[in-house]
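# Chain and residue survey
For reference, the chains in residue letters:
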Amino acid sequence: MKLDSQNESVLRDLMQLQVHLRDFAGFEDTSRKMLLTKPGVRVNWVTLAAACFANRNYEGCLQSIFSIIKFHEEDQNNKMKPNELSEIILLGVRAYEGQGKNHDALAFFSKYEARVVDLVAKADYLGRLHKKLGNTEKAVAAYEELLQLNSANLETYYKVIDAKGIVLPSRESGAELSPADQDRLKAVLDEYVQGMPRVNAHLRVGLRYLSGEHFSAYLARYIRPLLIKGVPSLLQDMREFYSNADKVARIDAYLRTALSSMESEMTLAAGEEEEQDPTVMLWLYYFLGQHCLFQNKLAEALAFVDKAIAHTPTLLELYTLKGKIYQKGGDRAKAAQLHEEARALDLADRAINAISAMYILKTGDVERGTSVMDIFVKDCGYEVSIHDN
């Protein structure tokens, strides 16, 4: 810099270093110097706008954005790509928001809305701006448009719920909604459950914030399709609810009722006409084994897993679950043996190979554990293997 303060390569490297060090004031100063060296290069204006925004100089950011848009409209031979102009406009909206000028942000966004090609960002920004300005109906409409684009996004449901005036407690607090708020929340979610039956994100929101019979109703709708499909991670995915005794009891009641119905009528609920595949019985045994393991009911968990193995002895997940039960009970040798049995069912599975080796190492048998890991170590011509390093 002392020898040539206008050297572009040096200025570019300095800006990258300043961004890395979070020296945004220096980043803005350097980007301004870069702009002065070549004011006709659009990327220098874009860099300055980004630098001003990072340094919370929102007015400077907006001035740069106005210049970029002006150049784009006047220069017919060097137009920006639609996605590039779209991002510049969204940055301008955020700059207005940073100043607290939400009305100006909405006016700016409305002026250039047709130029925004990111439909997700467009709906999200509109919803947020209308929410800040108190336009509840427009905010909800924007977020519902966002749901049409991606109905499986949990965060969008939270935004809709917030826009409709329902304040959800933080999950860390452990607080519950009042009965009146739960009724309001269920009424909102029911609308989306009916309108978007192919996703379960709305059901997941309900499971997190509803309790009692509302929870039970959503639980049945959430579990049933995953149980029929046979999703091994179902109970692990629902582990977050096991800190609530009432929800655990309701999960237990649903699984046991479904199992009783399957054993007597091969249906998931008494009186149903739709007969289920025998694999549903298998997964019910498996999930009940996991359910009991989560509650440290090891003897009962083991009984369910043994029934599942008797039903289908070729499913390796049953042996790994049984191994976890013995591991939790303190029998590491038996846990390692069961994981080896699981590995033997699929010798081409690298994941179960590594898990089995881990359980063997827990018994202190380093030589055997290493030999299991060596199964998937290819001979690449090196004198030592990966395990010798």
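### A few points about the pattern of salt bridges
- Within the structure shown, the criterion is met by 21 salt bridges.
- With a shortest N-O distance of 3.2 Å, E240 and R208 are connected by a salt bridge. A residue pair is termed long-range when its members are at least 10 positions apart, and E240 in the loop between α13 (234-237) and α14 (245-265) and R208 in helix α11 (residues 201-209) qualify at 32 residues.
- On the accessibility criterion, E240 (29% relative accessible area) is partly exposed.
- Note on R208: relative accessible area 19%, which makes it buried.
- Ionic pairing is found between E274 and R224, a salt bridge with its closest N-O pair at 3.3 Å. Taken together, the residues E274 in the loop between α14 and α15 (278-294) and R224 in helix α12 (residues 212-229) connect sequence positions 50 residues apart.
- Put simply, R204, R208, D237 and E240 are held in one network by salt bridges that share partners.

### Re a nonpolar patch on the surface
- Taken together, L119, V120 and L149 make up a surface patch of nonpolar side chains, about 260 Å² in accessible area.
- With respect to the helices, strands and loops of the structure, L149 is situated in helix α8 (residues 136-149).

### Section: helix α5 (residues 82-98)
- Relative to the 24 Å expected for 17 residues at 1.5 Å per residue, α5 spans 25 Å between its end C-alpha atoms, a close match to the ideal helical length.
- Considered for burial, the residues of α5 that qualify are L85, S86, I88, I89, L90, L91, G92, V93, A95, Y96 and E97.
- Summarising the contacts, the buried residues of α5 are in contact with α3 (42-54), α4 (58-74), α6 (102-112) and α7 (119-132).
- Of the residues trailing α5, G100 is marked for its positive phi of about 80°.

### Some words on the packing of helix α10 (residues 179-195) against α12
- Interaxial distance between α10 and α12 falls to 11 Å at its minimum, and their mutual angle equals 20°. Judged by the inter-axis angle, α10 sits roughly parallel to α12. As for how α10 packs across α12, the hand of that crossing is left-handed. Residues Q182, D183, K186, L189, D190, V193 and Q194 of α10 lie in contact with α12, whose contacting residues are H214, Y218 and R221.

### Observations regarding the layout of surface pockets
- Here the largest pocket defines a volume of roughly 340 Å³.
- Together, 17 residues line the largest pocket, and R171, G174, R208, N244 and K247 are the ones closest to its centre.
- Ranked by the residues each element gives to the lining of the largest pocket, the list is headed by α11, at 3 residues.
- Considering only residue class, the lining of the largest pocket consists of 7 nonpolar, 5 polar and 5 charged.

### Structural notes on the packing of aromatic side chains
- Counting across every chain of the model gives 13 aromatic pairs.
- Arranged with centres 6.1 Å apart and planes meeting at 90°, the rings of Y158 and Y209 form a pair that is edge-to-face. With Y158 in helix α9 (residues 154-163) and Y209 in helix α11, this residue pair connects regions lying 51 residues apart in the sequence. Comparing Y158 with Y209 shows no difference in burial state: the two are buried.
- Through a chain of ring-to-ring contacts, three or more aromatic side chains come together here, namely F66, Y96, F108 and Y112.
- For the cation-ring pair, R128 lies above Y125, with the distance from its terminal atom to the ring centre recorded as 4.5 Å.
- Between the NZ or CZ atom of R239 and the centre of the ring of F294, over which it lies, the distance is 4.0 Å.

Criteria and thresholds
Residues numbered from 1 in each chain as written. Predicted model: local features only at pLDDT ≥ 70, side-chain atom pairs only at ≥ 80, totals over all residues. Heavy atoms only, no water. Salt bridge = Lys/Arg side-chain N within 4 Å of Asp/Glu carboxyl O. Helix = DSSP H or I, 4+ residues; strand = E, 2+ residues; numbered from the N terminus. Buried < 20%, exposed > 50% of the residue type's maximum accessible area, 1.4 Å probe, protein only. Patch = residues over 30% accessible without salt bridge, like charges linked within 9 Å, V, L, I, M, F, W, Y side chains within 5 Å. Areas by Shrake-Rupley, 256 points an atom, 1.4 Å probe, with all protein chains shown as cover. Expected span 1.5 Å × (residues − 1). Contact = heavy atoms within 4.5 Å. Axes fitted to C-alpha atoms, helices over the stretch in contact; angles between N-to-C directions. Parallel < 35°, antiparallel > 145°, perpendicular 65-115°, else oblique. Left-handed = near helix turned anticlockwise from the far one by under 90°. 1 Å grid on protein atoms, 1.4 Å probe; cavity = no way out; pocket = protein on both sides within 12 Å on 5 of 7 lines; lining within 4 Å. Points joined across faces, edges and corners; volume = space filled by probe spheres on them. Nonpolar A, V, L, I, M, F, W, Y, C, P; charged D, E, K, R; others polar. Phe/Tyr/Trp six-rings, centres within 6.5 Å; stacked < 30°, edge-to-face > 60°. Lys NZ or Arg CZ within 6 Å of the ring centre and 35° of its normal.

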